Amino acid sequence: ALYELAPGALHVVAAVGGATALFAATIGLVQTDIKKVLAYSTVSQLGYMFLGMGVAAFAGGIFHLMTHAFFKACLFLGSGSVIHAMHHEQDMRKMGGLRKYMPVTYRTFLVSTIAIAGIPPLAGFFSKDEILWKAWSSPLGNPLLWALGAVGAGLTAFYMARLVFLTFWGECRADEHTKHHLHESPRSMTMPLVVLA
């Protein structure tokens with residue numbers, strides 16, 4: 001209620017949120033460490049939530065916080081499963097082809113990637129769509145804020161697809177010792193992934 005009485009403050013929140021969503025997404029595009037991609041993705045999604053708050057899409061911002069909690073938890077735990085299988089290797093350039101060795105981790109990671117990319121009918125689509133709609137239609141929104149959100153959402157889909165392809169597709173680029181020991185994580189690690197997915 002207090003923020004609605006201070007539209008100037010909301011404009012600042014929206015501008016900082018939109019800029020953060022876009023800037024952090026561009027950083028995520030060039031990371032090679034699997035956890036760093038997810039970390040900058042989190043910063044970008046926080047910017048997205050603040051964009052929602054700034055255009056008075058309070059329910060949409062909180063909804064995105066909740067959807068993000070589920071798919072990002074699955075992604076971070078999935079990256080831990082990958083790092084476990086790769087003997088603590090986090091460089092995606094040394095991965096590849098892991099879907100053959102880690103089918104449960106791959107499938108749950110893919111579901112979460114589709115969700116964070118905002119593809120229907122998964123939760124990320126609905127929360128991002130609500131924020132984008134309010135950024136366009138709210139009296140506090142404008143086309144520039146909408147464009148920041150839309151480009152940020154597009155970049156999210158791109159860097160997450162890059163992460164999935166470098167990690168799970170193509171030829172395995174791991175050294176021979178790591179290749180020999182590649183395995184799916186135990187059920188104690190994969191069951192939380194299934195629940196979150």
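This text goes with the structure placed above it.
Summarised in this report is the structure supplied together with it. (Residues numbered from 1 in each chain as written. Predicted model: local features only at pLDDT ≥ 70, side-chain atom pairs only at ≥ 80, totals over all residues. Heavy atoms only, no water.)

1. Side note on the overall build of the protein chain
If you tally the helices and strands in the protein chain, you get eight helices and zero strands. Starting at the N terminus and ending at the C terminus, the protein chain contains elements arranged as α-α-α-α-α-α-α-α. Taken against the 2.2 N^0.38 rule, which gives 16 Å for 197 residues, the C-alpha radius of gyration of the protein chain at 18 Å falls within 12% of a compact globule. Once the C-alpha set of the protein chain is aligned to its principal axes, its extents read approximately 60 × 30 × 25 Å. Across the 197 residues of the protein chain, 45% fall into the buried class. Once local pairs closer than 6 in sequence are excluded, the contacts in the protein chain between residues at least 24 apart make up 78%. For the protein chain, the computed accessible surface area is about 9400 Å², with 71% contributed by carbon and sulfur atoms. Across the protein chain, the centroid of the 14 positively charged side chains sits 2 Å from that of the 10 negatively charged ones. (Helix = DSSP H or I, 4+ residues; strand = E, 2+ residues; numbered from the N terminus. Rg over C-alpha atoms; globule rule 2.2 N^0.38 Å. Buried < 20%, exposed > 50% of the residue type's maximum accessible area, 1.4 Å probe, protein only. Contact = heavy atoms within 4.5 Å. Areas by Shrake-Rupley, 256 points an atom, 1.4 Å probe, with all protein chains shown as cover. Lys, Arg positive; Asp, Glu negative; His and termini not counted. Charge placed at Lys NZ, Arg CZ, Asp CG, Glu CD.)

2. What to know about the packing of aromatic side chains
In total, this model carries six aromatic pairs according to the counting rule given. Pairing tyrosine 106 with phenylalanine 168 gives two aromatic rings, centres 5.3 Å apart and planes at 55°, and the pair type is tilted. Separated by 62 residues along the polypeptide, tyrosine 106 in helix H4 (residues 103–116) and phenylalanine 168 in helix H6 (residues 143–168) bring together distant segments of the chain. A single burial state applies to tyrosine 106 and to phenylalanine 168, both of which are buried. Judged by centre distance (6.2 Å) and plane angle (50°), the ring pair of phenylalanine 165 and tryptophan 169 falls under tilted. Note on tryptophan 169: relative accessible area 32%, which makes it partly exposed. Here the aromatic residues Tyr106, Phe109, Phe165, Phe168 and Trp169 are joined through ring pairs into a cluster of three or more. Taking NZ or CZ as reference, arginine 99 lies 3.7 Å from the ring centre of tryptophan 169, over its face. (Phe/Tyr/Trp six-rings, centres within 6.5 Å; stacked < 30°, edge-to-face > 60°. Lys NZ or Arg CZ within 6 Å of the ring centre and 35° of its normal.)

3. Concerning the nonpolar core
Counting residues in hydrophobic clusters, the biggest one holds 27 residues, and the most contacted among them are Val82, Leu98, Met160 and Leu163. Secondary-structure elements contributing two or more residues to this core are helix H2 (34–54), helix H3 (58–85), H4 and H6. The element contributing the most residues to this core is H6, with six residues. Contacts of valine 82, omitting those with residues within four sequence positions, involve Ile34, Met95, Leu98, Met102, Thr105, Thr167 and Phe168. One finds Ala21, Leu51, Ile131 and Leu132 within the second-largest nonpolar core, a separate group that totals twelve residues. (Core = buried A, V, L, I, M, F, W, Y, C linked by side-chain atoms within 4.5 Å.)

4. Quick notes on a nonpolar patch on the surface
Taken together, the side chains of Ile62, Phe63, Leu65, Met66, Phe70 and Phe126 define a hydrophobic patch exposed on the protein surface, amounting to about 570 Å² of accessible area. Counting residues per element, the nonpolar patch draws most heavily on H3, at five residues. Residue position: phenylalanine 63 is located in helix H3. (Patch = residues over 30% accessible without salt bridge, like charges linked within 9 Å, V, L, I, M, F, W, Y side chains within 5 Å. Salt bridge = Lys/Arg side-chain N within 4 Å of Asp/Glu carboxyl O.)

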